[in-house]
Structure formats: structure tokens, C-alpha cells
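This is what each chain is made of:
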Amino acid sequence: MTLRQPHSGVPQIIALLVILAVNWIVSPQFFDIRLQDGRLFGSLIDVLNRGAPVALLSIGMVLVIALRGIDLSVGAVMAICGAIAASLADSHSLPVTLAAALGVGLLCGLWNGILVAGLGIQPIVATLILMVAGRGIAQLITEGRIVTFTDPALAWIGGGSIVGVPAPVAITAVMLLVTLLLVRGTALGLMIEATGGNERASTLAGIGTRAMTIAVYVWCSLCAAMAGVIAAADILGADANNAGLWLELDAILAVVIGGTSLFGGRFSISLAVLGALIIQAMNTGILLSGYPPQFNLVVKAVVVMAVLLVQSPKLAGLSAALRRRAR
Amino acid sequence: MRRHLPVLVTTAVFVAMFVACSLQYPNFASTRVVANLLTDNAFLGIVAVGMTFVIISGGIDLSVGSVIGFTTVFLAIAIEHLGWPPAVAFVVVLVLAALFGAGMGAVIHYLEMPPFIVTLAGMFLARGASFLMSTESIAINAPLYAEISSTVIRLPGGGRLTLIAILMLVVVLAGAVLLHATRFGANVYAPGGSRASTEMMGVRVGPATIRIYLLSSLLAGLSGIVFSLYTSSGYSLSAVGVELDAIAAVVIGGTLLTGGYGTVFGTFIGVLIQGLIQTYISFDGSLSSWWAKIATGLLLFAFIAFQQLSVGLSRRGRRMAGVTAP
Amino acid sequence: MLPDVSAPPLLEIRGLSKSFGPVHALEGVDLTVRGGEIHALLGENGAGKSTLIKALTGIYSRDAGTVRLAGEAIAPATADEAVAAGIATVYQEVNLLPNLSVAQNLYLGRQPTRFGLVQRAEMRRRARDLLAGFGLSLDVDAPLGEYSVAVQSLVAIARAVDLSARVLILDEPTASLDANEVEVLFSVMRRLAARGIGIVFVTHFLDQVYAVCDRITVLRNGRLVGERETARLPRLELVHMMLGRELSEATHDRAPVVDEAKGPVVAAFQGIGKSGYLAPFDLTLRRGDVVGLAGLLGSGRTETVRLVFGAERADCGSVAVDGRPVRLTNPREAIRHGFGYCPEERKTEGIVAELTVRENIVLALQARRGILKPLARREQDEIARRFIRLLDIRPADPERPIGLLSGGNQQKVLLARWLATEPRLLILDEPTRGIDVGAHAEIIRLIRQLCAEGMALLVVSSELEEIAVYADEVAVLRDRAHVAMLAGADVSVPAILAAIAGETLRAA
Amino acid sequence: AADLTVGFSQIGSESGWRAAETTVSKAEAEKRGITLKIADAQQKQENQIKAIRAFVAQGVDAIFLAPVVSTGWETVLAEAKEAEIPVVLLDRDIDPSGKDLYLTAVTSDSVHEGRVAGEWLVKTVGDKTCNVVELQGTVGASVATNRKKGFEEGIAGHANVTIVRSQTGEFTRAKGKEVMESFIKAEGGGKSICAVYAHNDDMMVGAIQAMKEAGLKPGSEILTVSIDAVPDIFKAMAAGEANATVELTPNMAGPAFDAVVAFKENGTVPPKWIQTESKLYTSADDPMKVYESKKDLGY
Ligand SMILES: Nc1ncnc2c1ncn2[C@@H]1O[C@H](COP(=O)(O)OP(=O)(O)OP(=O)(O)O)[C@@H](O)[C@H]1O
Ligand SMILES: Nc1ncnc2c1ncn2[C@@H]1O[C@H](COP(=O)(O)OP(=O)(O)OP(=O)(O)O)[C@@H](O)[C@H]1O
Ligand SMILES: [Mg+2]
Ligand SMILES: [Mg+2]
């Protein structure tokens, strides 16, 4: 039996550094950063900025996965909330717009949570329902078109900056801190890990596993809602058809690259975010490389396997054994 | 009997839904619709059988859709551009698919990597490989293809039972026998219960895992052949997202995603239910694209909630019965 | 019936070592088993018994040492190679598959087949015959998980026995069995031994050792202490070998019944029951009192405590805590009223394998304090250290994942989890299961001490001697109903037995 | 034309243009009193085949098909033919082997669209050297392949115009923006880019944003040309941030309905190909007016 130990994060950091180094090789200006209209500008900033939505998703997703669940609906929730934000932005003030978008996100999470914790439906199926229907709801809101807006306040969320840091990056960082505080600053983290590790035992130990599960799904949807608002603000419009499409897979991938097992239990939020950055660094690298796009997926497959292989404890064990034998 | 309850409930729901549709649309209750259901979902039925094995063993295979896509492109290039006889191309592509699956199984077992991720990488890889072969759709004009697609058993009432539909039924049957009546089948259920226990009981999980993913990829390859017959072409973007359809079919069919429980027959019904929902929406035709999606989601929900409810109710009944029994 | 000593040993382990990182679980251990003997493998919790077995059967790779089976060196790398070599094993935690049917569990990997197809009827018939030999008549098509742990372990034993191996290893098979089942098991073991099979038997019940074993090997802290013939090893010396010190043998006599006034009632249950689960019963729990629950396997003891703890929702009856009526619909509420519950199924309902010993200990306390009042790390460390010392949990490392601890030590951690909440009513379901003699004595002492400090206790145990020692009252169950209540001087092994047997005898 | 029921197997709702096509089709059907049944295939050929089969089973009077790929329709169209239901292709053509299986095709020529875009660029830059970056559509989509091919044909023979970078923006704004951002960085801050060619307007709108955020001036410093002519690109044009777009009309169904009605009523067999115009719009075409005329078409 190999029981997983708390995460060190070393393999993830190495993976990120290696990918950044490769990016630097394919594109020598990769690390150049300058100030453009009061906003930091450069490929490295792109990695952070473009990685922000998936990073946000992974913050929520890691908690769901720690509870042995999964949330396939985050992409659809992004689309719904982006659509709401874009349709309200020009007629309402920013707080109202945001409250509406996030409020709907909360409802989506409540729905998922109740299906999972209340009705006992398997998470993947429960969230599949919203994944399918949710995109329809988003399209219903936009009637299939790209709803554009001009409200500068909402636009700031996508394109603005705070002391040079792009707003999406800042929002993600704040969200990461808040979540860390909520989870690690309280006993919630322990309880999530216990429940993910053994739900029956945790219930018998007096943990309110049901309420906690619902809350976690709500949080996950809130993160998705925020990501959806950012995605809409970024292109000054809501593209219900494509916003967040397949991002659930990227988010799950980020969580797994961050070392959290899909079988629940021990988790690390920061490493999940790091995982999201690893994925985005790879994507940006592919774009900078100038290879024809037919190669994108193959490169992605190889990099993902490589990153995970580096982490595999089994491989470490095997190579150690080989080294011992060689000696 | 009570162990088959989820499947029975699922079947009953399917029948009830079919009857409801027929009441609404007079042309619905025809051999044509039934035969279409089988033909149109033949490729899905075949991959879903493989997916059933994978999920029961506690794994998941996200690569199947891409393997189907890869297969169709490979066949198109082999037959059209290289001039291979279709039969040879079939065998070669099935061998390739099997090797691919075995490879994923080996990585999953020996490197102890999560199936979700390994097969996700497999999904990227297979799709990427088909892009590299050709990004254009290629028509397959081999006579065999025309022959196979024109060979149909005409049913009274306009139904056309195609060869691929029959092939799907055969695969479902064979899959059921393999899963439920062989040692290999039991070895599929075992790791779904507990991998460590299975190993301690002296069953080697490694070879079983490799075979399970091999089977899944092999069936995905077969499904790819069916898909290429179905569309007489090869296209790198074909069958995108089929893995999710297959997973949904398996789960609707009463298989637990955590592994250890499930049946092939249930999966078959799951496939038909999905087909039925789509047919219904086409028959209706008034739903705009978004309402169609919402309706699909709601039907899925209604269905699963109903299934959950009836299984839950009957469970309660069972526990009571258990006391009087010795 | 002593085996032929001159014959070459059947199984010969020499110099076996195994370490997990810094922990030396085994260091140069020898074990010799002759054909036709029953060989006890004894030692404290964490002595390395289970590790020895797993290193032998290939679950763990060994660091050093040789194994010979009938003179031939073997080195199984997986469990199936061990089986193929002729070693059948029942591991400590019931390691069968709850999702498969009983019959599939018995014949997994060796189902009778014809033309590649499993012959279900044949398999079912064989399964029924095999289980009949253990006095079990089960629905062999039902998933194994629907049966209790005891039944599961009997099935596991039946499977191992049926492998017709040359060596049979049983790691604490009797922990969850009652006296009847144990007798059946022993007769099976004797029969197998008579056929020349060598049996390795791990247990913490010394009576059982003296009842069936021919020879004894004792381990302590991963090292071999010695190998003796049972007949020539007095009990006290055996205990000394195991513990490395004397055991204060004060555990087996009943504390004098002091006729003091009964303590105040902590919780009173009236007519609590659930249809199809357990017939309604009354139960009164007082400060400083121990109520024992006795009965045969499946008589409804676990059901009783689950209802009391709110883990199962009662559909009739009333509950009063401190005289005030309350509703117990889930464990959280029970815990709020100061209840604690150590479940019987350690692996599935007790431990969170991945979490550390410290985290497992503080879990219930933290849940009771609520999410917003996290225990500071310092407090957690302090609590963990205190209980590790108090219960002598080994290794004494609070940061070890509990899944890596030996079974008995896991049990102690669970006890610590509840003691840390300072409950007013503690419910213990089989608290001494898998616990070594030394710790056993400790736990019984602890139970007494807790009572003296004013805690109310509700204890389920299959060991009647044990119950008779500490219980003030004993509720006897049969067929999922409470049938008798013994109190005061009536609490004795013969009285409990009589109460359990009463109806059974008439029915038979 | 009363009592006609037409089944329309639509590709999906992946873009604003597609939504407009659906809206316009509905409006055109209503105008003629035709019952239109639409099945959304979510970009999947198998779903389209299923839908066509369902339409046949249902016994509709005609089937419209906007094929997601060009190949693989023989079998199912043969079934429709056998059931004597005429099929009209919308928006895209299918492989020649299926020629006799459909009544007519109302399509634009996507290679031609690309060529128009390329020719405009060549004409506009004249003899100057011009480094073009290309935002491709979804890898494998036939429209993307054709628009790439057509553009390359359009600039062929003009060595001064070269495509220096080409990546997929998957037909979406967000991806168009992201890819353009990295193009800008890879091309030394965008200074060496002379023109952007995007396979659709949505990607171009995203790309324009990326250029503006990088401090570049699309429309003047960097030329833009894209395809589809959705309303938003005219807004950009009016603001001087975009230069040209090639129209793909969303009204494919109108001519198709006319052909079907004529065929049903008088047996008039329409020509095999009804080609829609690929009109080039530039900032000279009063973009605001075009915008106004298009903004309510459901884009
Ligand atoms: N997989 C493992 N990784 C690390 N340490 C382990 C592992 N398995 C066992 N140990 C350690 O090895 C020692 C011996 O454990 P083992 O399970 O063999 O004890 P045991 O004699 O069977 O005890 P018990 O009577 O409680 O079952 C213990 O200290 C335990 O913590
Ligand atoms: N010998 C047996 N044969 C068949 N079924 C049994 C046998 N013993 C127990 N069972 C079944 O196992 C199930 C669980 O019993 P349970 O564990 O609840 O009883 P218990 O009184 O707590 O006994 P214990 O705690 O000693 O296992 C019951 O449904 C019972 O019918
Ligand atoms: Mg042990
Ligand atoms: Mg019990």
C-alpha cells in the first residue's frame, strides 16, 4: 500500500521551470516584460493572464475532487455567468451585474451539490446534467449570438490592471488567498480531506459531510462564475457557445498535475493553481513556437505524460532500484 | 433479481418513454424508428460495451472518441490513398488500436497513474495523430463499403436493419457473455471492488488492467470501422466527445462510476435511451438549439432522478425482507 | 498427534528483514513450520506478524532472507505466485471483495469453467458445500458486502482452506468470531493439519493458542524472541516473552461490587427501535456504569449501538438526555450531547487511512468544536502525544499515516479519537478486537478508570469473560431483539450464556 | 406552399453567423407558411445522420442539410431519396460522388471567399513587402482548410506577401485574441506584422482587441481582412480598426425554400448549384449602414 504523503510541490515547480525554459528557447523574448498603458506586457504575463480562468476553476475543482467528486459543469457555468454579466453590464451598475452573475453561479453550485449530496447521484452524472443543459441556458440568455457590451467597469475586470498586474491575475490571486484562508485557516481542510478519504468514518466522527459537500460544490461554481465573468470581460462580450468549452478537462488536469488524487483525500490548492499555470505555459509555448496547429495536440499529450511521469512515485521507485542495481 | 433492479428500472423507463413518444408522434412507433435507433447508435453501442468493462474495473477511458476518429482517418488513407484492401486495413487498424489500449493499460498499472489522466493524454495523442495524417475528410469509395451499407434486412413497416446494427447487437451479446460468464469478467469486477484486495486474493491485476484497456481500445477501433462504414469516410474530427456519450450511457445503464457493479445490458439500454432522447428532439424539431440542450439535460435529470428514487425505494423494501429470511 | 519432528520442515524462513523507510518492521526473523502442525505466531501489536506474512507471500518485497518450502527456495513476487507455490493466506483485514457474490469471492480466479465459460450452477453448488463445512448457510449469490464482518472473515477462511495449499496462514482470523465459530474453525484447522498441512495462526487470544497450537514463535519489535513447544511453555512465560516484561495480571477478576447509590442517568432510551432492523428496546445509561451488550453474531448488538448513536434513525421510541427529551437523528447530534462511538468496522467506518495519526485523533474533537474553531497545531500535537503515550500507540510518531500502522494500533488511535472528546457516554463496539494481551489489559483498566471518572459506557464484546469483568449490567440480545437484562451479581459468564442460549436451545 | 414540412439538420450553434442562419431560416419559413423542424447536431456528423433518418421516419416533405463535413452522406441521402424526400444542401457542398442524391445546393464557395480576401490584400499592399499572420479556423474543419487554400491562391505569385505565422483560433473571439497576443510577442511586439487574415470575423474581433491592448493600431498600422461579415466587424470598420471582410450570407434557406416549393408544385428541377455571392466589404462601404441592416438578423 502506498499512502500519499502531503505534497512537496517540487516536481510541479521543476516541470513549470522546464516548460518556461523551453518556451524561452523557442521564443527568446519570452521573459521580456515591459509596461504598456500602465499594464505589464509580455509572454510571461500572458501565461498568468490566460491561465487565470483555468486557475480559478482549479481552485474550486480541487476541493470537489478532494471530496471524491468531480464537476464537469464548470465550463457551462462559466458560459451562463458570462452571458448574464454581458447582458446586464450596459443597463446595470457593476455591483448589480456581478451580484447577478455570481448569484446564478451560486444557484448552479447549489443544484450540483443537492444532486450529489442530497439525492446521492454520482458526481460525474450529476454535473453532466448541468454541463449539457447549462450551455443551453447560456445560449438561451444570449439567443446564440455574441452579446457585446461597452461598460468600462466590467471591461476593467478583463483588461484592467492594478499596479500593472492584469485584473484577472489579481482576482485569481485574491481568490486563491481567500480560499486558502477559508480552507486552511479553519478546520475545513482537515474535514474535506477526512471526508474524501473515508466518508462513512467522517460522518460517524461527527462531520457534517452533506452540508460540507454542498458548500464545496457551491464554491466551485462560484469560482467558475468568476472565471466566466473574466472570460466575458476579456472579449467584451459573452460567447455562450464557446466560453469555457472543454475547460473542465483542463481544470481537472490542473488538479491532477497539482498532485491531488481523483480518489479524494489529500489536496493542495496552490499546487492545483500551479498545475493550471503549467498547462497555460505549455499552451503559450505552443503558440509561440510557430509549429503548424496540427501538432498542438500531440505536443500537449507528450508534455502532459512527461509532467505526470516525473511525478509518478512508482517511476521514482523504479529508477532508484535501477540505480541501486547499477552500483 | 433484486441485484438486477437498477437495470430493470432503466429498461422500464426506456419502454415507458418510448410509449410516451409514440403517443405524441404517430410515426414514432415504427420498425423504422427502432431500426434507426440501432443503426444510428451502433458505433456508440460498441464503444460503450468497452467502456462498461473499463468503468466496472474502476477506471475510465477518455480516449475512445479520438481512437474512433483516428481509425476512420487511418482507414480512409489506407484504403483510398494506399490502395489497401479494406479487410487488411481493418485488421491493421484493430491491431494498432489494441496495442494503443494495452499501452495505456500498462502505463496505468505499472506507473500507478490515474486512468483519467493517462487516457486524457491518449485522447490528445490519438486525435493529434489523426490531424497529422489528414485534416481533410476523405471519402472511402471501396466497393466493399457500398456493399456493406446497402446490405440491409428490410423489416415490415419500412425498417432497415443494417449490418452495423447487427454487428452492434453481436458485440453487446459477446460483451455480456465475456463480462458475466467468464473468469476474465470476474477479474474485471474484482479491482472495481478493491484493487489491493484483488491482488491479495492472488489475482494479478496488471494483466487484467492491460486487457481491459486493450479491449476498450479494440472496441473503439471496431466502432471506428463501423463509423467509417456509417459515413463512408474518414475524418479527423469525427466522434469528438463520444467518450462522454459512452460514459453517460454506461452510467445511465446502472453501472457505478466508482466501479465494481454494472452490466452490459444496462449499458445497451443506456445507449438506446440517449438515442431516444435525440430522436424525440428531432421529431419535435421546434426546439431551438439551446432548448434542445436544456431538454436533453432535463430528460437526463428526470431519468436519473427517477432511477435513483425507484432503486432507493426498493432498497428500503429489501432490508425489511432480509430480516425474515434466515 | 504431534508432528514428526525428524521430518524436514515444510516451511523454513531464515533471516527475513523488511523495513519501511526508517522503520525496521522485521530484522532477521526465522520461522519454521512443519507439515501437520499448527504454529502460533505471536507478539504485541506492531511486533511485525502481519509484515512477516506479507513479506512471505510477496505482498511486500523482502529486504533480506530466504524462504524454503519443502526444501526448495521460493521467492514469490505477488500473491498469486505464493498461491501457486502452495501458500494460502487469510490476511488480517478481511480482504475479499464486497461487490462480488459470495460464490465469486470463493472461486475468484479459479472458477469452474467449461469452454471458457464459468459454470455458475456448479460454482454455486461447490460454494454451498464448502460453506456448510463452516456451519454457514448463505445466499451465495448475494454480494459479500451484505454480510457482517464475521461472515466475511469466515468466507475468507473458507476460500483459503479450499485452495488446498500446503501451508495455510491465518492472520487474526478469530478476532471477529464468537465462541461457536471459533470452535468450527478449530475443527477445520485440526482436520487440515491431520492431512499434513502446515498452519500458521496469528491471534491475541492466549486460550486459543493453548487450545490448538503445537508450537509457538514469538516476535517482539520486529525481532525473533524464540520458538517453543506449546506444551512446555507456561502462560506467564509466554506473556513475558511477548511483552518483555511482566503483565500485572489483574484483569480477569471482577471488581468488587460496591453497593453505592447508582449514578445519575446520562441517557435513557425507551422503546427505541426500527422496523426491519431491530425490535424496540429500553436502555438506561448512568454515570459511572458500564452496560455490556452480549449475544451471538448477528444478534443485533451493532444495530443497537448504531441506533443509540443516531447513525441509524429510529422509527419509534423516545430518548432523554439528562432527563430532557431529545431527538437523535444523526451522529452529529449524538456527539453534541456528549456521545462517542468506536465502530466495529475499523477499515471502512473508523480510520481515514491517508491521514496521520494526529489528524485521526483530533477528528471528532474538531468536528465537535466546529469548522470555525480550528485546533491550533500546537494543541493538536499535544493531544496526539498525550494519547500516544496513554495508549502506548506504536510507532509513537503522530505524523505517520494511520494506514501504515498495525491493526491493533489503529484500534488504539480510534479509541483515542473519542477519548479526546471527553465524552459522557462512550460506545465501544468490540474495543479489544485485534489488541494484544498487554494492551488488552490496558484497555480494560482504562474502561474501569473512565467509569470511575464518571463516564457512562456501552460496550459490545464477543468476549464474555471480558464483559463479565467490567460490566455493571449486561443486555442480552437474540435475533435482533433484547431478551434479557442482567445486573449486579447476576453478571457472570454462565448467566450470560444461559440467557443467550435460553431460546436457542428450545428452538433447536 | 401551405402544409409543407421541412426538416433542417443544422450543424450547431457554434458562432454568431450560425445563429443568424438559423434565425433567418425560421423567418424565411414563416414568410412562406412552411413548418420548419430544426435539429441541432452540435457539430457532429453522426447527429446529422440521425436527424435525417428521424426526418425520413417522420415523413417530412423536404430535408435541408448544412453538412458539417463533405464526405459520408451517400447512404443516408440514398435513404431519403428512396423515401422520395428531396434534399437541399445549405451553406456547404458535399463530395461529388453524392451529386445525384440531392436536389440542389445553396452554398457559397469557401475557397473563393479566401481568394477574395487574398486578392484584396495583394491589391491593397501593392509592392510593399507584407508579413501576414493567419488565424485559422478549427483544425480539420473544411471551411478552415478551404479558406486557407483560397487565401494562399489569392496571394500566389506575389512574393512580397507571405504568411509568417499561422495558428488555429478555433473560430472564437477568445482564442483569436489569445493567439494574436502570442503572435505579437513572437513578432517582436507586432512591429513586423503588416496584415492579419482571420478565417472568421469573430477571431478578428478578438485579434483587434489584442492589437489595441499591445498599443498597435489595427486598421492603419496593421491591415485586417476576414470572412463572414458579421455586424461587429462593421462596427470595428466604422471605428477604423478593421479594413475588409468577405460576406457569407446567412440567408441560404430562402433560395432553398423557393427551389423546393417550385419543385413540389410544378416539378421544376433547380440548377445543381445555387451559389451565393461572396461580397467584399471595406471601410468604403459605409460600415455603419451595413451594421444597422444586419444587427437584428440574429447574429
Ligand atoms: N506499509 C507499511 N509502511 C510503513 N510501515 C508499515 C507498513 N506496514 C506495517 N508497518 C509498520 O511495521 C510494523 C509492524 O506492523 P505489523 O502490521 O506487521 O504488526 P502486527 O504484528 O501484525 O500487529 P497487530 O497485532 O496489531 O496486527 C508496525 O510498526 C507498522 O507501523
Ligand atoms: N452465521 C450467520 N449466517 C448468516 N448470516 C449471518 C450470520 N451471522 C450474522 N449474519 C448476518 O450478518 C449481518 C450483520 O450482523 P451484525 O454485525 O449486525 O450483528 P451483531 O450482533 O453486531 O454481531 P457482531 O457485532 O458480532 O458481528 C446480519 O444481517 C446477520 O443476518
Ligand atoms: Mg497484524
Ligand atoms: Mg457487530
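Model, not experiment: these values are computed from the prediction. Counting from 1, residues in each chain are numbered in the order their sequence is written. All chains are assigned letters beginning at A, and all ligands numbers beginning at 1, according to the order in which they are written. The predicted nature of this model means local features are confined to residues of pLDDT at least 70 and side-chain atom pairs, given and counted, to a pLDDT of 80 or more, with totals for whole chains, interfaces and linings taken over all residues. Note that the side-chain values use all heavy atoms of the structure and ignore hydrogens as well as water.

## Some details on empty space enclosed by the protein
Any empty space left between the atoms is revealed when a probe the size of a water molecule rolls over them. Cavities and pockets were defined on a 1 Å grid built from protein atoms only: a cavity is a group of points that admits a 1.4 Å probe but offers it no way out, a pocket is an open group of points flanked by protein on both sides within 12 Å along at least five of seven lines, and a lining residue is one with an atom within 4 Å of any such point. Grid points are joined across faces, edges and corners, and a volume is the space filled by probe spheres set on the points. For the coordinates displayed, the defined rule picks out 11 cavities of 30 Å³ or more. Considering only enclosed or pocket space, the largest cavity measures out at about 180 Å³ in volume. For the largest cavity, the lining is made up of 16 residues, of which B:M200, B:M201, C:T89, C:Y91 and C:R159 are closest to its centre. Here the nonpolar group is Ala, Val, Leu, Ile, Met, Phe, Trp, Tyr, Cys and Pro; Asp, Glu, Lys and Arg are the charged ones; every other residue, Gly included, is treated as polar. Of the residues that constitute the lining of the largest cavity, the class distribution is 12 nonpolar, three polar and one charged.

## Describing the coordination of the magnesium ion (ligand 3)
Residue and element names in this part refer to chain C. On the protein side, the magnesium ion (ligand 3) has S50 (OG) and Q92 (OE1) as donor atoms, found 1.9 to 2.1 Å from it. Highlighted residues: S50 in helix α1 (residues 49-56) and Q92 in the loop between β6 (87-90) and α3 (102-107), separated in sequence by 42 residues. Here S50 and Q92 have matching classes, each one buried. Water is not part of the atom set, so a site may look incomplete; the donors themselves are N, O and S atoms within 2.8 Å of the metal, or 3.2 Å for Na, K and Ca. Put simply, DSSP marks the helices as runs of H or I at least four residues long and the strands as runs of E at least two long, and each gets a number from the N terminus on. Relative accessibility decides the category of a residue: with a 1.4 Å probe and only protein chains considered, values under 20% of the type maximum give buried, values over 50% give exposed, and everything between is partly exposed.

## Brief notes about the packing of helix α2 (residues 31-40) of chain B against helix α2 (residues 45-58) of chain D
How two helices pack is summed up by the angle between their axes together with the distance between the axes. At their nearest, the axes of α2(B) and α2(D) sit 10 Å apart, and the two run at 170° to each other. Our classification of the angle between α2(B) and α2(D) gives roughly antiparallel. Residue-level contacts link B:R32, B:V33, B:N36, B:T39 and B:D40 of α2(B) to D:I49, D:K50, D:R53, D:A54, D:V56 and D:A57 of α2(D). Its residues assigned to classes, the contact of α2(B) with α2(D) comprises five nonpolar, two polar and four charged. Convention adopted: a line fitted to C-alpha atoms gives each axis, helices being fitted over their contacting stretch, and angles between N-to-C directions are expressed from 0 to 180 degrees. What sets the label is the angle itself: under 35 degrees gives roughly parallel, over 145 gives roughly antiparallel, 65 to 115 gives roughly perpendicular, and the rest give oblique. Should any heavy atoms of two residues lie within 4.5 Å, those residues are counted as being in contact.

## Points about the coordination of the magnesium ion (ligand 4)
All names here are of chain C. Surrounding the magnesium ion (ligand 4) are the protein donor atoms T302 (OG1), E344 (OE) and E344 (OE), at 1.8 to 2.8 Å. Residue T302 is located in helix α9 (residues 301-309), and its partner E344 is located in the loop between β18 (339-342) and α11 (346-350); the two are separated by 42 residues in the primary sequence. In this structure E344 comes out as buried when scored by relative accessible area, which is 18%.

## Points about the state of the cysteines
Note on terminology: pairs of cysteine sulfur atoms within 2.5 Å are recorded as disulfides. The final tally for this structure, using the stated rule, is one disulfide over all chains. Disulfide partner of D:C130: D:C194, at an S-S distance of 1.8 Å. Note on the D:C130 and D:C194 pair: the S-S dihedral is about -85°, so by sign convention the disulfide is left-handed. Taken as a pair, D:C130 in strand β6 (residues 130-136) and D:C194 in the loop between α6 (173-186) and β8 (195-198) lie far apart in primary sequence, 64 residues in all. For D:C130, a relative accessible area of 0% gives the class buried. For D:C194, a relative accessible area of 17% corresponds to the buried category. A disulfide-free cysteine, C:C342 has its sulfur positioned 15 Å from the sulfur of C:C451, the nearest such atom. Residue classification places C:C342 among the buried positions, given a relative accessible area of 1%.

## Describing the confidence of the model for chain B
All names here are of chain B. pLDDT expresses how confident the predictor is about each individual residue, on a scale running from 0 to 100. Of the residues in chain B, 94% have a pLDDT of 70 or more, and the chain-wide mean is 88. No element of chain B has a lower mean pLDDT than helix α14 (residues 289-324), which averages 66, and none a higher one than helix α3 (residues 42-56), which averages 97. Counted against residues more than four places away or in other chains, residues 316-326, with its pLDDT under 50, gives eight contacts.

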